[in-house]
Amino acid sequence: MDPGSQFICASHLKTRRSFWVLGITFGIFVAIQFSALPNSSTISSLFSAGKFTLFGRWDFEAKNQSASRTAGNPKNTYLVKDSASSSTFEDSRNSKLNNSSPSVPEIFDSSASNKQIEEFSSSIAPHASSGSVPQQLTVAFPPAVSSPITTSQINMDLVSPAMSVQNHEKHIMKTDEKGSLMQRNVSLLHNNSSVGHGKSSLPTSAVYSISAMNKLLLQSQSLPRAVIVKWNSTADQELHYAKSQIQDAPVHRNSTELYAPLYRNVSMFKRSYELMDKVLKVYIYKEGEKPIFHESIVEGIYASEGWFLKLMESNKQYATDDPAKAHLFYLPFSSRLLQLTLYVRHSHSRNNLIEYMKRYVGMLGQKYPFWNRTNGEDHFLAACHDWAPAETRGPMLSCLRALCNADINVGFEIGKDVALPTVYVRSAQNPLKDIGGKPPSQRPILAFFAGYMHGNVRPLLLDYWGKDPDMRIFGRMPHVKGNKNYIEHMKSSKYCICAKGYAVHSPRVVESIFYECVPVIISDNYVPPFFEVLNWESFAVFVLEKDIPKLKDILLSIPEEKYLEMQKRVKEVQKHFLWHADPVKYDMFHMILHSVWYNRVFRIQSP
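The name an unreviewed UniProt entry gives the protein is Probable glycosyltransferase At3g07620 isoform X1, with Coffea arabica as the organism. Turning to the protein, the UniProt annotation filed under Sequence similarities (unreviewed entry) states: "Belongs to the glycosyltransferase 47 family." Taken directly from UniProt, the Subcellular location (unreviewed entry) text for the protein runs: "Golgi apparatus membrane".

Q: Can you help me understand the sheet that holds strand 10 (residues 400-403) in this one?
A: Sheet strands line up and pair through hydrogen bonds in the backbone, either parallel or antiparallel. With respect to topology, six strands assemble into an open sheet ordered 7-6-8-9-10-11, the strand pairing being parallel. Whereas interior strands pair on both sides, the edge strands pair on one side only; in this sheet they are strand 7 (319-320) and strand 11 (418-419). The sheet strands contacting helix 9 (residues 303-313) are strand 6 (282-284), strand 7, strand 8 (328-330) and strand 9 (379-383), and the helix crosses strand 9 at an angle near 135°.

Q: I tried to follow the packing of helix 7 (residues 234-247) against helix 19 (residues 588-603) on my own but got confused; where do I start?
A: Each pair of packed helices gets described by two things: the angle between the helix axes and the distance between those axes. At a minimum axis separation of 9 Å, helix 7 and helix 19 run at an interaxial angle of 95°. Relative to helix 19, the element helix 7 is oriented roughly perpendicular. Across the interface between the two elements, Asp-236, Leu-239, Ala-242, Lys-243, Ile-246 and Gln-247 from helix 7 touch Trp-597, Tyr-598, Arg-600, Val-601 and Phe-602 from helix 19. Looking at side-chain class alone, the contact of helix 7 with helix 19 contains seven nonpolar, one polar and three charged residues.

Q: How do you make sense of unusual backbone geometry when you look at a structure like this?
A: Glycine aside, the phi torsion of most residues is negative, and most peptide linkages are trans. With an omega dihedral of 5°, the bond running from Lys-290 to Pro-291 counts as a cis peptide bond. Within the secondary structure, Pro-291 is located in the loop between strand 6 and helix 9. Even without a glycine there, the phi angle at His-294 is positive, about 60°. Tracing the sequence through the fold places His-294 in the loop between strand 6 and helix 9. A relative accessible area of 17% places His-294 in the buried class.

Q: Got a minute to help me understand the sheet that holds strand 14 (residues 493-499) in this structure?
A: Read across the sheet, five strands follow the order 13-12-14-15-16 without closing on themselves; strand pairing throughout is parallel. The sheet is open, and its two borders are formed by strand 13 (471-473) and strand 16 (541-542), each paired with just one other strand. Of the pairings in the sheet, the one linking strand 12 (residues 445-449) to strand 13 comprises three bridges and is parallel in character. The residue of strand 13 that forms the bridge with Ala-447 is Met-471. Sitting on the sheet, helix 18 (residues 560-573) touches strand 14, strand 15 (518-522) and strand 16, and the angle it makes with strand 15 is about 95°.

Conventions we followed
Residues numbered from 1 in each chain as written. Predicted model: local features only at pLDDT ≥ 70, side-chain atom pairs only at ≥ 80, totals over all residues. Heavy atoms only, no water. UniProt positions renumbered as here; feature names shortened; annotations may be inferred. Pairing = 2+ DSSP bridges. Helix = DSSP H or I, 4+ residues; strand = E, 2+ residues; numbered from the N terminus. Contact = heavy atoms within 4.5 Å. Axes fitted to C-alpha atoms, helices over the stretch in contact; angles between N-to-C directions. Parallel < 35°, antiparallel > 145°, perpendicular 65-115°, else oblique. Nonpolar A, V, L, I, M, F, W, Y, C, P; charged D, E, K, R; others polar. Buried < 20%, exposed > 50% of the residue type's maximum accessible area, 1.4 Å probe, protein only.

Given below as structure tokens:
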């Protein structure tokens, strides 16, 4: 072979060896990449972070990372906050109004284990239990839909939190399939930040003022409804007639039964009550097993649901056995007995309670045509346990829900749901024992509070005012038979502080009225009882939680003349908050039923 040919053969051999070395080096590099290096590798960056699919792996990981980023976005996902017994993990799954809502504290998720939920919640809220985000929990669900409201109408009344942090709450508007305007309300509670002077701290979140709630009520009654009724009934025609009669009610200026300043519109309330008394018929479902259904607890802090159930089932005037004549359908269950019967202690899960109620409603829908006719809009319930907003999730959200835990930030819808009074009944035989109070001249105490230091508000109240000589702010008072010490303090105080605990509602609101003490409500986003008809600002004081340091100044700024008028109105409104074994006109039983009736009347679609 000549020298030229030998040179060419040697060149080809060296070239092949070079390619083999490069190929082997590349193969080793790729093997190490898959087996040892982290996901955010240099190779993936060469292919535009997931747009290029290599062995099906990089594309999957890019999607997984993207989903994880979405799941951690507070605009799209969950509400996390502290509670009495556990952390809250709110799964806002469905964007339809009848399938989703924010809920109350406690863990609820039907698609992931409790362990996964606790680990995931820690990635959103640093104050939740520690843990890492599991890779399999990466799907972000849409936020919940609650009561309709426009940004322009509510922004002016959203009160800044006590300690400002980033955006705590977004009000995202969306038009549903029928064109009605809905509000998407998603809250994220951050770490507590400290208050000055070494005092206790409050969680930070956006707040609905009482004036904002008033606007929500007016709006709920004026916006068109998008509910399609499968067929019209005679009862619907009677509701349309009642609505027109209430709206055109004759003016009543001098009523011996009703003190006009207590009401939003005393003429409309009077006419509505008269029509309810004359035409209302309620069908009570016989289905449901005891003790959860058709059984009641009539003593203790949850007694309101028990008294109403007991009196409703024994009522002869409003109850009917003919569902074709019914304007309303009553679901006769006890949220307290549901909790006592089905909740597994220390499970931190209410899935079985929620599913139990869903199955009950599903059974009614299969057995009868009434639920499906209106999608449950003419059905109602009365539930006083803190968990009731969660127990009545899903399809029951379309019901008219009378709830003690009337928190606008956990799904309470003004204009549909009814704020049920929380009443601590100490004696079922004598629920009105010790009622009444001393005249204003014999009330030397400026303000009084006593109770367990539940939640964040009460410790802050005690820190600021526990040593003030003009106020009596205590923790839990020593037990005295008949609670005489507590009651005597209420009867001797000008103002009685109704501070939230773990939930927004408190029996102190009704206790204040019982003992003729002007209520001072310190519970942001709490909707007070019978909000549809009562003008609460005429006989109660509302103080934002962030204004606790100004509490004494606020109370002292109220002129004596105004205080005397407010105290008079407390005595006048008292008749609406009394339980009687045999119901009497305008008492608690009738007021609860009236609020349900009133909301149903104003939610029915005009013909």
